[in-house]
Each structure stands twice: as C-alpha cells, then as structure tokens.
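# Examination of the molecular architecture
Chain by chain, the residues:
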Amino acid sequence: EEDTSYSHKEKHFFTHKPNMATILGKESGLNLKETELCLGLPGGGGVGGGGGGGGGGGSSEVETPRATGKRGFSETVDLKLNLQSKEDLNENLKNVSKEKTLLKDPAKPPAKEILEIEGDLEKYFRAQVVGWPPVRSYRKNMMAQKVSTEDVAEKTTSSTASGAFVKVSMDGAPYLRKVDLTMYKSYKDLSDALAKMFSSFTMGNYGAQGMIDFMNESKLMDLLNSSEYVPTYEDKDGDWMLVGDVPWEMFVESCKRLRIMKGSEAIGLAPRAMEKCKSRS
Amino acid sequence: MEGQAPSPLPDQVLENVLETVLHFLSSRRDRNAASLVCKSWYRAEALTRSELFIGNCYAVSPRRATARFPRVRSLTIKGKPRFADFDLMPLNWGAHFTPWAQALAQSYPSLRRLHLKRMSLTDRDLTLLSLSFPHFQDLLLTCCEAFTTTGLAAIAANCRLLRVLDLAECVVEVADEEVDWISSFPETQEETHLESLVFDCVECPVNFQALERLVARSPSLRKLRLNRYVSMSQLHRLMHRAPQLTHLGTGSFSASELDPEPDYASAFAASKSLVCLSGFREIWPDYLPAIYPACANLTSLNFSYADINAHQLKSVIRHCHKLQTFWVLDSISDEGLQAVAETCKDLRELRVFPVNTREEIEGPVSEVGFEAISRGCRKLQSILFFCQRMTNAAVVAMSNNCPDLVVFRLCIIGQYRPDPETLEPMDEGFGAIVMNCKKLTRLAVSGLLTDRAFGYIGTYGKLIRTLSVAFAGDTDLGLKYVLEGCPNLQKLEIRDSPFGDGALRSGLHHFYNMRFLWMSSCKLTRQACQEVARRLPHLVLEVINSEEGKADDIEILYMYRSLDRPRDDAPKVVTILH
C-alpha cells in the first residue's frame, strides 16, 4: 500500500542520506544536523550565489569523509576551502530566498538563521562527494574553466550593439580571445578578466589600482626586465603602448587590440609611456 | 610409389579441416562455445583464434593467455573498472601493462593490433612495443595513463607500418626533454600508412610544421583528431592537405592570429567525405557557420566540449538531418534539445553532459527536453543524460517512445532526488524502462530509488549486462532482486547504497558468470567477504580501505573471477582476501 503522506516521503528522503551532515558538522565544528540536506551549505554559494555570478567560479571540491569519518583517497582529490568575505556572504544571502528547493521542509530553518545560529561567517565550505556526479576529471576541469570565464562576460553573442570588442593575444598561448572593453570599469577589472583567461598572466606587479605605476621609474624597469607578462595595446595611430599609460576612458576609446607579452619584450615601449604620464601630470 | 611422403593420418585431416573451418569464426562467444565441444575442437580453436579479448587483465595471467592462444594478431585488454575514472580508486592500484608487454613481445611476433583500455603503461612498454612487432599496425589506447610523449615518439619512429594511432581520453604526461613526438614520424618515408591519427587528449603543443608535413604525406588518412593546441587557421591548412578526411577533430576551433582570416567554410565544403566532427575545444562561436557546408552529411557530431547556447546550436543542427550520434553540453538547454528532436530523426545515440555539476542549481536541461527527444528521435538506442531535474512521466514516455533502447543511463545529479512533481521515488520511471525496452543491456540509475525499483530490474531486466547504482535502495532486498533476477549480469558497480552481507551472499550462484562486482560505501563486512572468498576459490576479493589495516568495515570491495593466483602488484591499501 502506498503511504503518500508527506512524512513518509520525508522519511525516505532523510533516512537515505549517509548522515553526511553530522559528519561535516564534526569536521568543521558547525552543527549542521538540521540543515538542508542538499550539499550546499548556507552562504557557501551552495544554496545561493555561485550558480549565477556571485562566487568566484572555479571548482572547489572538498572531499567528504566517508561513513567512518575518515578521508578517502586524498591524493586524488583537491581540497579547497571556498572562503568568502562577509560582503560576498551577504550578497549570497540575498539570493538564497530566490532559489527553489525541491523539498520544502518547514522544520528546517532558513539559511540566514543557520548562519546566525552558528555565528561563524568565515568558516564554511561547499562540500561535494568524491566522484559524483560521474563525470571524468578531464571534462570536469574543462568545464570549471569555462564557468569561470563566463563570469568575465566574454560572451561572443551575435547581437553586440555598441561594444568595444578587441582581440587579445598572449605570447605563447595558442589561441586568441575577444573582450568587450565597455564591460569593464577600470584597468583592475580588465586585468582580473585577463588573468582568468590566460592563467599564467598574473597581476602581481600592478598595485592597488591595477595600473602600472609609470611615475616610479625603477619599479617600472624592474617589471620590464622580468619575465613577468605585461599587457600592451595598439592604439588608433597604430602605435604599441603599455596598457595603463592613459586614463581608462581614453584607453577604451583608443585601444584597437591587446597583446600580452613578456616584460623584457615590452621594454622599448616604456619611455614613451612614461613621457605620456609625465606630460599629463 | 616410392619417395612420397606418407599421407596424413585421418585425425590430422580432421584437425586441418576443423582449423580451416574455425578460421571463419569471428565472434568470441561462438569461439568459446566451439572450444568446449571436445579436446580437438579446443586445440583447433586455440590455434585459429587471432583476435583475443581479455575483459579483465587480472582474470588471466599473460603466460596462460599466450600459452593457450599462440597465434594472436589482435589483442584487446581492459584493466581498471570504470569507477576508477571518478577518482574512487587509489593511485597505483594496478592494471600495469608491463608484464603483458613482455609476454607479448616473446609470444606474438606477428602482433598487428593492440587495444588497451584503462591500463597503466609506461614509456618503456611503448618502446618495447615499437621494437618488438615488425608488422605492428594499430595502437588504440583508451583511458590509459602513465606514459609520456617520449613513448609516443618511440611508436612514431619505429612502427613503419603504423596505420592507426588512437589516443582517447588518455592522460599523457609531457616528457621532460623537449621531444616532439609528431616530428618522430620518419620524414624519409615518402608516404606513411596512416589511416587514423587521434590525439585530442594530448595536453601539449605539437610541432605544427611537422604535423602538416605528416598529413601531406599520408594519403590514406581518414581520421584526424587534433588537440586544443591547434588553432583555426592551422586546422584550415590541414584540411586543405587532407580533403579526403571522414572523421575530423577540429582542435581548439579558435583563432590564434591577429590578421584577417581565411575562408574556413570553403575548407569544410571541400571536405566532401566528412561524416564525423568533434573537437571544438575552445570554441569561438563566431566560427560555427564554417561547418554548415559539412552538416548535411554528418552522422556524428561531438559538441561536448563546446558550451554553446540554444541559438548557436540551432543554427547548426537544423542542417544535420542524417545525424545518428550526438554528444553535447547541457548549455544548449531544453530549447536546444527540442531543436535536435525536430531535425535528427535518425538519432541513435545521445549524450548530454553537464557544464555545471552542482546539484542545487536549476539546471538548463530537464524532463522537458528529455521528453522532446523521446518524441522526436524514435530510433534512439543509447542515451546518457545528466540533469538536475527529471520526472517519472518523462522517463515513462521515453520507455514507450523509444523501444529500441539498448543503453539507458540517466544521471540526476542531486542525490536521492524524488520526482519534483509528484515527490514520488523514481521507481516507476526506471521500472517502465526495463519493462518496455526489451533490448536493454546497459542501465544506470539515479534519483530517489527504493527496493521496488530493483524489483522491477530483477523481474524485467533479463538482458542487462551492465548495471550502475549510486545512492539507491533501502535494504538487502534491492541487491538480492538484481543478483537473483538478472541472469546476464556481468558488470555491477554500486556505490553508497545500503546493501550488506545478506545481499552479497545471494549472488554466490552467479559470481563466476560476472566480470566484476564493485561495491563501495555499502554495508559489507570483512567476514562476509572472507566467506565468499572461501566458498568461491576462483574469485578474487580486493578490499580497499583508505587506511591500511582497517578492521571490519569495507570501504571498497572490488571482486572478479580469475583463473590464476591473485596478483602480487597491489599497493598496500589493497587487501586480497582468500
């Protein structure tokens, strides 16, 4: 006979969980026993954020301990804690209420309350089970890359009304990208996006504003003497310049294409860039 | 009559006749049956078997295999079980090819073809292969690992008659020295014998000039699958060198030069024999129109690395009337699936992979697209479908619309997910599949499932050979139904399900008929496994625990039949019970 009462279904749903919630709770110090059993912990981008554009993309797989509480094959699993700042958390919490959950359990406290109960906003992680879903690592990694580049809004859709699309190449990388400069508000935004697209390109030397400090000659020369990559661009006149030599809005206007090259190759462009900066200040 | 050789004995004549006749038997099942008739048939069959298939490298030792079948020209060996692909097995678990390489080098000088799946083979193994078989033609490696581009270079350099070099989903390390394996194909050979060169999984750049020259001097080349380090314009050049290609893997499908680009569509138009397209590893959707000229002839299209949306897909798929095999990402959404259903009336195989494997998201594909496919593609034989949401009704619909299904693999990403409309378990949907799809041999289940679902499988799944189960079932009964009800079951992989010792015992009558049983994170105890090992001496029970010397709980049981003693190459985390 069919017992179609809600509690019966609930029983099915809950009894079959391998009690990972408790185990996770033990591991992290959070008592998660009462929480939503879909493995997306509150604020961790699990129930809210991450899916759309809140979190920082990428894969953060944490291996759950098995029923015995011990870890599985840690050599084969990346252990990453998806730590986010308080601001991001609040962002995510706004999204929580919009998400549908398949089984609405009135007994379960909403995500926000749980966070308040636990009171530990810094420590949470999104947990995933090893080897689930059964997608090969190669494919999973490829997809993780793609999800993060989507955050960069590098969508090459057919309708691009007024955008400033420029081709971006990086020395040594086998393929080009296109970016729409109007999608970014500053050099920092652009360099973050480039960093995601070309993973060996780092912004280490760019400082807080995301701009090369052209006024500091020695720092500039250090950068250009190193094997670090720097972005350069071709302007309206066909000249190749170092990115960052002009205010952002001017840059968007005049940039025709971008090329990321080794600092040592860009060294010839430095004097002109510094001149431009000096003449403006 | 003097000086004439004595006429052959009647037995000898019979044996010769037998060999001549058996020579024509190709199916290994037929051959296995023939070998059981009597001793002379056994001998004759053994002498005439030229294609040897070994489904589990540990089921038989290399020595035994080569001793029984001395005249093998084509060999297939499979190693690790499929769940190893998902990081469920320890590194260095086994499936080492080296002992086989040595045995083959000794016993099979005429070896022509080798196909390895989920084996671990080293550069030394590859080098040995390349030097040991003067007639070697075909090397196919699927999901293999532990070798580098150095090994590939040895094959390229030494196998003069090489016809097929297919690397599918392998993990190829880059060698320390800057050896470009493509350049190792001897340039002195005016024409190569290459018919198939597949290296899309090799994660390092190749010397393009060498590749272009290789393609130019390979007039028999029909299959070429490039890796993602080959750009669009390079692809263009290669296509012009080889307009006779039937199977093309397009590499990155993305630009690498800043200058204006050639007319890619013309290259696709010129390749009139193309029937299979894949690649699109870094796809730049602006380039999609280039493939339009080829679409009408395509029977196989693999977009499973291209996250295109419904609109982009539609522009392509509406030309693909002959499509039979289609692999794609769920980024095309239900709308994209509907477009496929409208055009691809001949579709036999569909695989939909997830871009985002998180379970709590809405997910772009669902029962809507699934059901649309079932209505539009009535000839469907094989489906692999990942989704965050599925209803019983849609699965039942597919069971009715697609009675030819042989492979049904549905992966609802969220564990223990019931039908979102009815909140019922997914029992009825899968039940309908096993009931209505009478040719079904492979089944993978998911979602909230009770013992009832397994009851259906045991009752109706009489032809099922492979069954995959995860996070399902209530009690031992579930597994019992399957082990008692499915006489053709050969491969059973179960994880995170509450099946225990009683269930295991219920399969004792059948385990010798199976290739393997995998059970991880279930409820087995060591004692029960020990008991099975005692009662069935030709079974090898590998107990794998993440920590050595674990007492009673079994994390992983990997069990298989074997004619020889248990292996001695297991890592410490593996305990072999006997």
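Residues numbered from 1 in each chain as written. Chains lettered and ligands numbered in written order. Predicted model: local features only at pLDDT ≥ 70, side-chain atom pairs only at ≥ 80, totals over all residues. Heavy atoms only, no water.

## Re the overall build of chain A
- Per the secondary structure count, chain A includes nine helices and five strands.
- Within the span of chain A, comprising 281 residues, buried residues form 47% of the whole.
- Surface summary for chain A: the accessible area is close to 14,200 Å², and the carbon and sulfur share equals 50%. (Helix = DSSP H or I, 4+ residues; strand = E, 2+ residues; numbered from the N terminus. Buried < 20%, exposed > 50% of the residue type's maximum accessible area, 1.4 Å probe, protein only. Areas by Shrake-Rupley, 256 points an atom, 1.4 Å probe, with all protein chains shown as cover.)

## Thoughts on unusual backbone geometry
- With omega at -5 degrees, the peptide bond leading from Trp132 of chain A into Pro133 of chain A counts as cis.
- By secondary structure assignment, the location of Pro133 of chain A is in the loop between helix H4 (111-118) and helix H5 (137-151).
- Phi at Glu169 of chain B is positive, roughly 50 degrees, even though this residue is not glycine.
- Mapped onto the fold, Glu169 of chain B is located in the loop between strand S6 (164-168) and strand S7 (172-173).
- A positive phi is found at Phe253 of chain B, a non-glycine position, where the angle reads about 60 degrees.
- With respect to the element layout, Phe253 of chain B can be found in the loop between strand S10 (247-250) and helix H10 (264-270).
- Exposure remark for Phe253 of chain B: the relative accessible area of 0% places this residue in the buried category.

## Focus: the pattern of salt bridges
- By the definition in use, this model includes 39 salt bridges over all chains.
- The shortest N-O distance in the salt bridge between Glu169 of chain B and Arg136 of chain A comes to 2.8 Å. Here Arg136 of chain A lies in the loop between H4 and H5 and Glu169 of chain B lies in the loop between S6 and S7, a pairing that spans two chains.
- Relative accessible area serves as the criterion here: at 34%, Glu169 of chain B is assigned to the partly exposed category. (Salt bridge = Lys/Arg side-chain N within 4 Å of Asp/Glu carboxyl O.)

## So, the sheet that holds strand S3 (residues 229-234) of chain A
All names here are of chain A.
- Taken in spatial order, the five strands of this open sheet run S2-S1-S5-S3-S4, and their pairing is mixed. The open sheet has two edge strands, strand S2 (177-180) and strand S4 (240-242), and neither has a second partner. For this sheet, the mean inter-axis angle between neighbouring strands, taken without regard to orientation, is 35 degrees.
- Sheet analysis places strand S1 (residues 165-170) next to S2, joined by four bridges and oriented antiparallel. Across the sheet, the residue bridging to Val166 is Val179, located in S2. (Pairing = 2+ DSSP bridges. Axes fitted to C-alpha atoms, helices over the stretch in contact; angles between N-to-C directions.)

## Overview of the pairing of strand S19 (residues 491-495) of chain B
Residues and elements named next belong to chain B.
- Burial analysis of S19 places four of its five residues in the buried class, which makes it a mostly covered element.
- Pairing of strand S18 (residues 466-470) with S19 involves five bridges; the strand directions are parallel. In the sheet register, Leu467 faces S19, and the bridge partner there is Leu492.
- Once the chain exits S18 it traverses helix H18 (residues 476-485) before rejoining the sheet at S19, and the crossover so formed is right-handed.
- Note that S19 and strand S20 (residues 516-520) share five bridges and pair parallel. Residue pairing for S20: Leu492 is matched across the bridge by Leu517. (Right-handed = clockwise from strand over helix to strand, strands pointing away.)

## As for the packing of aromatic side chains
- Overall, the coordinates contain 28 aromatic pairs over all chains when judged by the stated rule.
- Relative to Phe499 of chain B, the ring of Phe454 of chain B lies with its centre 5.6 Å away and its plane at 90 degrees, an arrangement referred to as edge-to-face. Taken together, the positions of Phe454 of chain B in helix H17 (residues 451-460) and Phe499 of chain B in the loop between S19 and helix H19 (501-505) put the pair 45 residues apart, joining distant regions of the chain.
- Phe499 of chain B sits in the buried class, given a relative accessible area of 1%.
- Taken together, the ring pairs connect Tyr58, Phe83, Phe86, Trp93, Phe516, Trp518, Tyr558 and Tyr560 of chain B into an aromatic cluster.
- Taking NZ or CZ as reference, Arg139 of chain A lies 4.5 Å from the ring centre of Tyr305 of chain B, over its face.
- Here Arg28 of chain B stacks its cationic end above the ring of Phe53 of chain B, 3.6 Å away from the centre of that ring. (Phe/Tyr/Trp six-rings, centres within 6.5 Å; stacked < 30°, edge-to-face > 60°. Lys NZ or Arg CZ within 6 Å of the ring centre and 35° of its normal.)

## A few points about the environment of Gln12 of chain B
- Mapped onto the secondary structure, Gln12 of chain B falls in helix H1 (residues 10-22).
- Each C-alpha atom of the pair Gln12 of chain B and Leu517 of chain B lies 43 Å from the other, and the pair is 505 residues apart in sequence.

## Some details on the side chain of Asp180 of chain B
Residue and element names in this part refer to chain B.
- Considering the arrangement of structural elements, one finds Asp180 in the loop between S7 and strand S8 (196-198).
- Looking at Asp180, its side chain comes within polar contact range of the side chain of Ser183, at 2.5 Å.
- Once residues within four sequence positions are removed from consideration, Asp180 is found in contact with Pro205, Val206, Asn207 and Ala210. (Polar contact = N/O pair within 3.5 Å; in protein donor to acceptor, adjacent residues only side chain to side chain. Contact = heavy atoms within 4.5 Å.)

## Details of the side chain of Ser196 of chain B
All names here are of chain B.
- By the element assignment, Ser196 lies in strand S8.
- Looking at Ser196, the relative accessible area reads 5%, which means it is buried.
- A distance of 2.7 Å separates the side chain of Ser196 from the side chain of Asp166, its partner in a polar contact.
- Contacts of Ser196, omitting those with residues within four sequence positions, involve Arg163, Val164, Leu165, Asp166, Leu221 and Lys223.

## Describing the confidence of the model for chain A
Residues and elements named next belong to chain A.
- On average, residues of chain A score 56 in pLDDT, and 36% of them are at 70 or above.
- In the model of chain A, helix H1 (residues 6-15) stands out as the element of lowest mean pLDDT, 36, in contrast to helix H8 (residues 248-254), which has the highest, 89.
- Here residues 203-210 is modelled with pLDDT under 50, and outside its nearest four sequence neighbours on either side it reaches 14 contacts, counting other chains as well. (pLDDT = per-residue confidence, 0-100.)

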